[in-house]
Amino acid sequence: MLLQEAAAAGPHPLAGTSAEWIWLVLALPLVGAVINGVLALITEWHPGPFDPDPIHTGEHAVVPSPTLVERAERTTPRLMTVIEGHRPYGQVGPGDHGDHHDRGDEAGSHAPPARHPFLPLVSIVGTGVVLGAFGVAVMAFLAMLRTHPEAPFILRYWNWMTAGSLRIEYALQLDQLSMLMTLVITGVGALIHVFSVGYMRDDAGYARYFAGLNLFVFFMLVLVLAANYPLMFIGWEGVGLCSYLLISFWFTEKANADAGKKAFIVNRIGDAGFLIAMFLMFWNFRSLDFGPVNQAVAALPVGSAVVTAAALFLFLGCVGKSAQIPLYVWLPDAMAGPTPVSALIHAATMVTAGVYLVARTGTLFAAAPAASLTVVVVGALTAVFAASIGLKQWDIKKVLAYSTVSQLGYMFVAVGAGAYVAGIFHLVTHAFFKALLFLGAGAVIHAMHHAYHATGRDDDAQDMRNMGGLRRHMPVTFATMWAATLAIAGIIPFAGFFSKDEILGATFAQARGSLLARSTWLGIPGSVVLYAAYALLVVGAFMTAVYMTRMMLYTFHGPNRTGDAERPHLREVPLVMLLPLVVLGVLSVVGGWLNVPPLLGALGPVGLLDRWLHPVVEAPAAALAAGRAAASHGLELTLVGAAVLVAAAGIALAAARLRPARLVPKVQAAADPPGIERALAHAYYVDDAYDTAVVEPALFTSKNVLYRGLDVGIIDRVFVIGVGWILPRTLGRIGASLQTGRVGSYAWVLVLGALFVLGAFTLR
Amino acid sequence: MPLFYTFHFYLFGIIAVASAIAFVTRKSPVAAALWLVNTMFALAALYVMLDAHFVGVIQVLVYAGAIMVVFLFVVMLLNLGQASDLADMRSRRGRLVAGALGVALAAQLLTMLRARVPALPPESRVPVNAVAPVAENLFTDNLLAFEITSILLLVAIVGAVVLAKPGGAREDASVVAGGVAGGVRRGREAGA
Amino acid sequence: MIAESLFFSSILFVIGVIGVLTRRNAIIVFMCVELMLNAVNLSFVAFSKMHGAAGQTFVVFVMTVAAAEAAVGLAIIIAVFRHRQTVNLDRLDLLKG
């Protein structure tokens, strides 16, 4: 039975349990965001253009005029002494830097960095709310384990709008899928919050950071817990907003602000698709709740135009949010934000919202095989495309960014092919090891920054050519990062192996005679598409192994290129940052046990996740898989073995061919040789192409057509000047001309008036 | 209606209209005034032919005999007798437009007339003695208006005298009022 | 006869209107106004033939008022002439706005 059909038989088994408190999971991060936001506003309230570090002298910095700085420093001390009664934050000494930038470093100093005055309170509130939310989520999870509900538990809070036949409520839906997502978001989110306490300690915008992060968690939870499309859209847009706020966290550098803008604008393109899909759904199904829409879709024949269109537009939203081709361009630029932000938003949670959406609306995609195949095609292409770019990136975060895009492609291939459990499984394991990778990169960058600060050098702390041999200085980070690398490469028994292998296996199996294989995509048979996708994914797996090993080699192995003066300052990060790394490392190792395939049943309990998600995704998965040939034991074993072999080959090739010793620090490095290497390094020049084809014409149109032509030319000239100035003067002149003061002209008017009045009588 | 009557009716009507046209088109004010007097004579004849003998006589006595005389007095007083060398009439364009407006007005009036005016009843209701009915109406139904009109005339006289005094209107109207009151007293004494 | 009287009355009235619009001499304009009043008198008299003596009564009143008005109006014209030395209506535009 379709889960989303509301089982009207009696009250829901979860009613009255601790699952009723699920709203607390939303409320806590929101309260945290508000509190941190208020604390941020209190401290960062200056008159005039705000610069968190007025002394910053970087290339693109916005430095307020001296008078403004003076005014700020005069006002803020008064305010701060009123509020705090101690040394105010605004007064920084010369050469102090209040924040770390991930793009270059400012002129060094030897003074201790300024800390946020409310740091203890913000730390406790910021991490406490997310940990509390995780606690509530765990309680609800235990309740679900106890009661095994088959139908979603819908909690309606109040009515948002009723317009005609449309009724939208603030309603939360708790079923197995949203429960799983909630646990991942709050759990991994809590770990990242803890990491941020250490990472952002010396940043002046500490409270603002945590406000944004808490707000993000809130919106993400709204997204996964929503019971209808509009509420989910609120969360969808909200995470886009928080992503913008956090990417451009150090907005005083133009590049960071531009990155935030780019992320938001590209996301909006996808959001338009989401909106259109909602319009289509309302127009045809007259409802926007998940249950009624699924019921309406079930009544339509498979492959109908309406469902296909709605699914494709939803997928457009996913392409924007989850950075697939062609809307992935914002994700590499989003590395301008603080590294924990990249870990949380651009690895573990926000970008996976698209995958969640496809899984949630599985009924639609299952009823539109053409749309599912489109998802597969896009996902496969993206997986390979992004992996190839990752082969030639020097910035450690860029490598991870393209890796994220590539892994998202894997997830989309899975949910596109109807293997929803596989896709969600990879989502969960990817959250573990990608967050770990990003946090580890953050630890590395933190250590590099620390070393550069100590010696006063201004160099790129993120470029791998400046690193090397860090395993001697940061052993714990080194170990956890290797765990994550093995996981992402797909080496047994790490987490990524199980999930990636399940995707590959499901794709291959689906290609053998299932409903999806029998459908066509633009004339190409579905089986061809699925086999091609499988091949691309294998190639992608090889490339993943290669670039991840490359990253590890250049960063942790070989000689250290940071510099002789800096080397003594390279040390392991503090405990508060190590703890999340270790926890995530453990999860990356054991996470695979969430869904052991029956083939490897000897290793542990089989198919836990399968059984957990069964009520939610079984129907659409079965619909797409209908009629496929069963895979023999031998075939499955071959596939598994091939996957592991490919991964191992990639690692071996990278280890053999790449010589970290041959690298030189970034400032001495030569430009990439022309040809394929340079193209990869510049990401196939896609950004430049977008610039020329889309951005420049848009700016040109805005400036010349819309601004000069429409705004100034027509509106200002015709309406403002014309109506406001010319028209009254003209009318005034006409009116004044009637006041001659001469009796003769008054007589004329009199007679004319009499004529008009008589005319009313005669012409009646 | 007998032919004699009709013929003369039309005759005096045409004389009135022709005199009016002549009046309007004269350059000299004196000539214009005299043509207007002629118009009034013709109108008096028309009144008599319409059995309003009293009104006809009054027309000649008051209008033609008093009012037009006052006009002529003023013209003479201000020495405006000659045809003025200033352009007195408007330009040709102005005259054409005025004529067009006049034609339009006439058309409207005549249209309204044609729609509404019934024919004369076979017997006129005004009795042969043409003064008595007027007197009766004037002194019974409209007595109040009559008295007020007399006060109006008084006011007009006073006002005219005050306005036209050589020194201007500011000077003691009280002196004038005193003079008038004295005259009234003398008249009462004479009458009592 | 009434119809003809009214016809003549209308014609005379219109001639008076044309005169007011065409002439610039104040006295002549005044006399045109008198002409208009006479035209109206004629129509009153014509109607009194139908409806009784009230029409003629009204004619008496009209004449009275016309007399008063003529007296005062001419006095004004004299006063204005003393100040402005002209009776050309186009020159008397102190109320020009």
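Everything numeric in this text was worked out from a predicted model, so none of it was measured.

If you tally the helices and strands in chain B, you get seven helices and zero strands. The proportion of buried residues among the 192 residues of chain B is 35%. For chain B, long-range pairs separated by at least 24 residues make up 57% of all intrachain contacts whose partners lie at least 6 apart in sequence.

Right, let's get into the overall build of chain A. Scanning chain A for helices and strands turns up 26 helices and four strands. The burial tally for chain A puts 57% of its 764 residues in the buried class. Within chain A, contacts between residues at least 6 apart in sequence are counted, and of these 81% link residues at least 24 apart. Accessible surface, chain A as shown: approximately 29,300 Å² in total, 70% of it carbon and sulfur.

Another point: the packing of helix α4 (residues 176-199) of chain A against helix α22 (residues 608-625) of chain A. How two helices pack is summed up by the angle between their axes together with the distance between the axes. All names here are of chain A. Across the interface, α4 lies against α22 with an axial gap of 7 Å and an inter-helix angle of 130°. Of the possible angle classes, the one that applies to α4 and α22 is oblique. Every residue of α22 that contacts α4 at Gln176, Leu177, Met179 and Leu180 is listed here: Leu609, Trp612, Leu613, Pro615 and Val616. Residues belonging to the contact of α4 with α22 are distributed by class as follows: eight nonpolar, one polar and no charged.

Contacts between the two partners involve 82 residues from chain B and, on the opposite side, 67 residues from chain C. Summing the contributions of chain B and of chain C, the shared interface buries around 6,600 Å²; its carbon and sulfur component is 77%. Among the residues of chain B in contact with chain C, Tyr63(B), Phe71(B) and Arg90(B) are the three that bury the most area, contributing 10% of the side total. Summed over the shared surface of chain B and chain C, the result is one salt bridge. Salt-bridge contacts for Asp51(B) lead to Lys49(C); the nearest nitrogen and oxygen are separated by 3.0 Å.

Looking along a regular strand, one sees the side chains alternate between the two faces of the sheet. Residues and elements named next belong to chain A. Relative to strand β2 (residues 166-174), strand β1 (residues 153-163) runs antiparallel, the two being bridged by nine bridges. Looking at the pairing, tryptophan 158 lines up with tyrosine 170 of β2. A loop of two residues connects β1 with β2, the two strands running antiparallel in sequence, and glycine 164 in this loop sits at a positive phi of about 65°.

Right, let's talk about the pattern of salt bridges for a bit. Residue and element names in this part refer to chain A. A full pass over the atoms with the stated rule returns 14 salt bridges over all chains. Across the pair aspartate 271 and arginine 268 runs a salt bridge whose closest N-O atoms are separated by 3.7 Å. Placement of both aspartate 271 and arginine 268 in helix α7 (residues 254-285) is noted, with a separation of three residues, approximately one turn of the helix. Residue classification places arginine 268 among the partly exposed positions, given a relative accessible area of 38%.

Now for the interface of chain A and chain B. Listed by partner, the interface residues are nine residues for chain A and 11 residues for chain B. The interface formed by chain A and chain B holds zero salt bridges in total. Counting across the interface, chain A meets chain B through one residue pair in polar contact (both at pLDDT 80 or more). For the side of chain A that touches chain B, a count of residues per class yields six nonpolar, three polar and no charged.

Turning our eyes to something else, we now look at unusual backbone geometry. All names here are of chain A. Here isoleucine 325 and proline 326 are connected by a cis peptide whose omega angle stands at 0°. With omega at 0°, the peptide bond leading from isoleucine 492 into proline 493 counts as cis. Along the chain, proline 493 turns up in the loop between α17 (475-489) and α18 (495-510). The backbone of alanine 323 sits at a positive phi, close to 55°, despite the residue not being glycine. Looking at the element boundaries, alanine 323 is found in the loop between α9 (305-321) and α10 (330-333). On the accessibility criterion, alanine 323 (0% relative accessible area) is buried.

Time to look at the nonpolar core. Of all hydrophobic cores here, the largest spans 227 residues; its most connected members are Leu174(A) and Met551(A). The element contributing the most residues to this core is helix α16 (residues 420-455) of chain A, with 23 residues. In this structure, Leu174(A) is in contact with Leu14(A), Ala19(A), Ile22(A), Ala140(A), Met144(A), Pro152(A), Phe153(A), Met179(A) and Leu225(A), ignoring residues within four places of it in sequence. Met49(B), Leu72(B), Ile2(C) and Ala46(C) belong to the second-largest nonpolar core, a separate cluster that totals 77 residues.

What follows deals with the packing of aromatic side chains. Residues and elements named next belong to chain A. Evaluation of the coordinates by the stated rule reveals 29 aromatic pairs over all chains. Here tryptophan 160 and tyrosine 170 contribute two aromatic rings whose centre-to-centre distance is 5.5 Å and whose plane-to-plane angle is 10°, an arrangement assigned as stacked. Taken together, the residues span a long stretch of sequence, with tryptophan 160 in strand β1 and tyrosine 170 in strand β2 at a distance of 10 residues. Relative accessible area serves as the criterion here: at 33%, tryptophan 160 is assigned to the partly exposed category. The interplanar angle of 75° and the centroid separation of 5.6 Å between the aromatic rings of phenylalanine 315 and phenylalanine 412 together place this pair among those described as edge-to-face. Of this pair, phenylalanine 315 sits in helix α9 while phenylalanine 412 sits in helix α15 (residues 396-416), placing them 97 residues apart in sequence. Among the residues examined, phenylalanine 315 registers a relative accessible area of 4% and is labelled buried. Note on phenylalanine 412: relative accessible area 0%, which makes it buried. Ring pairing ties together the aromatic residues Tyr206, Tyr209, Phe210, Phe249 and Trp250, which thus form one cluster. Residue placement shows arginine 550 over the ring face of tryptophan 394; its charged tip is 4.8 Å from the ring centre.

The rules behind the values
Residues numbered from 1 in each chain as written. Chains lettered and ligands numbered in written order. Predicted model: local features only at pLDDT ≥ 70, side-chain atom pairs only at ≥ 80, totals over all residues. Heavy atoms only, no water. Helix = DSSP H or I, 4+ residues; strand = E, 2+ residues; numbered from the N terminus. Buried < 20%, exposed > 50% of the residue type's maximum accessible area, 1.4 Å probe, protein only. Contact = heavy atoms within 4.5 Å. Areas by Shrake-Rupley, 256 points an atom, 1.4 Å probe, with all protein chains shown as cover. Axes fitted to C-alpha atoms, helices over the stretch in contact; angles between N-to-C directions. Parallel < 35°, antiparallel > 145°, perpendicular 65-115°, else oblique. Nonpolar A, V, L, I, M, F, W, Y, C, P; charged D, E, K, R; others polar. Buried area = accessible area lost by both parts, 1.4 Å probe. Salt bridge = Lys/Arg side-chain N within 4 Å of Asp/Glu carboxyl O. Pairing = 2+ DSSP bridges. Polar contact = N/O pair within 3.5 Å; in protein donor to acceptor, adjacent residues only side chain to side chain. Core = buried A, V, L, I, M, F, W, Y, C linked by side-chain atoms within 4.5 Å. Phe/Tyr/Trp six-rings, centres within 6.5 Å; stacked < 30°, edge-to-face > 60°. Lys NZ or Arg CZ within 6 Å of the ring centre and 35° of its normal.

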